[in-house]
Amino acid sequence: MGQHEDGPDERHRRPAGVTDDTVAALGKLSEALETVERARGHLYSLHQLIGHADLMLDEAIDLFLAAGHDPIADRIGTDLLGRNVIAGRWTYQIVEDFDDGYYALFRELDRQARDELVGGRRHLYEAEMKERRRTPGRPGHEARPGAED
């Protein structure tokens, strides 16, 4: 087995001439994108939860009918079942608009910035933080998989 050079692999090393300010700016952009990724997950949770609730209304309506509460069942079936959650939109439409608009643009601008400034490298800020914080030679502190410090 060959020895690996200590430190991050090439795709996580800062290219020559890239400043600390540039790495910090790309790191902040990446952090913002990661926050949007989390928000996107919550949006998909909303989509699934609302869809599930809408399907549960079928059973609620049946139970109200069986209990003799036809007017309540009718109001739920007419006014709530299948209703748009936002003017003109079900949640799948909200998800699609988000994905195709804001989210797609955010990802594209993040990619363009990385391509233009650091040859597409990702997580340079974190890779450098790892190097500052790890203890070379300690188990569990290796620079990368398969690296021997």
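Just so we're clear, the structure is a prediction, and the values are computed from it rather than from any experiment.

K.L.:
For this particular structure, what's the right way to read the environment of Ile94?
P.N.:
On the secondary structure map, Ile94 appears in helix α3 (residues 91-118). Residue classification places Ile94 among the buried residues on the basis of a relative accessible area of 15%. Between the C-alpha atoms of Ile94 and Leu43, which are 51 residues apart in sequence, the distance is 8.5 Å. If near-sequence neighbours (up to four positions away) are discounted, Ile94 is found in contact with Leu43, Val85, Ile86 and Arg89.

K.L.:
Sorry if this is basic, but what is going on with the packing of helix α1 (residues 20-66) against helix α2 (residues 70-80) here?
P.N.:
Geometrically, a packed helix pair is captured by the angle between its two axes and the distance between the axes. The geometry of α1 relative to α2 is characterised by a closest axis approach of 8 Å and an angle of 160° between their N-to-C directions. When the axis of α1 is compared with that of α2, the two are roughly antiparallel. As for the relative orientation of α1 and α2, their crossing is left-handed in sense. Where α1 abuts α2, its residues Asp54, Leu57, Ile61, Phe64 and Leu65 lie against Asp70, Ile72, Ala73, Ile76, Gly77 and Leu80.

K.L.:
What exactly am I supposed to notice about empty space enclosed by the protein here?
P.N.:
To locate leftover empty space, one rolls a probe as large as a water molecule over the atoms. As enumerated under the stated definition, the model contains one cavity of 30 Å³ or more in all. What the largest cavity holds in volume is close to 90 Å³. Lining the largest cavity are 13 residues, with Leu26, Gly27, Arg122, His123 and Leu124 positioned closest to its centre. For the lining of the largest cavity, the element with the highest residue contribution is α1, accounting for four residues. Class assignment of the residues belonging to the lining of the largest cavity gives a composition of five nonpolar, three polar and five charged.

So, how was this worked out
Residues numbered from 1 in each chain as written. Predicted model: local features only at pLDDT ≥ 70, side-chain atom pairs only at ≥ 80, totals over all residues. Heavy atoms only, no water. Helix = DSSP H or I, 4+ residues; strand = E, 2+ residues; numbered from the N terminus. Buried < 20%, exposed > 50% of the residue type's maximum accessible area, 1.4 Å probe, protein only. Contact = heavy atoms within 4.5 Å. Axes fitted to C-alpha atoms, helices over the stretch in contact; angles between N-to-C directions. Parallel < 35°, antiparallel > 145°, perpendicular 65-115°, else oblique. Left-handed = near helix turned anticlockwise from the far one by under 90°. 1 Å grid on protein atoms, 1.4 Å probe; cavity = no way out; pocket = protein on both sides within 12 Å on 5 of 7 lines; lining within 4 Å. Points joined across faces, edges and corners; volume = space filled by probe spheres on them. Nonpolar A, V, L, I, M, F, W, Y, C, P; charged D, E, K, R; others polar.

That's the geometry; what it means functionally is another story.
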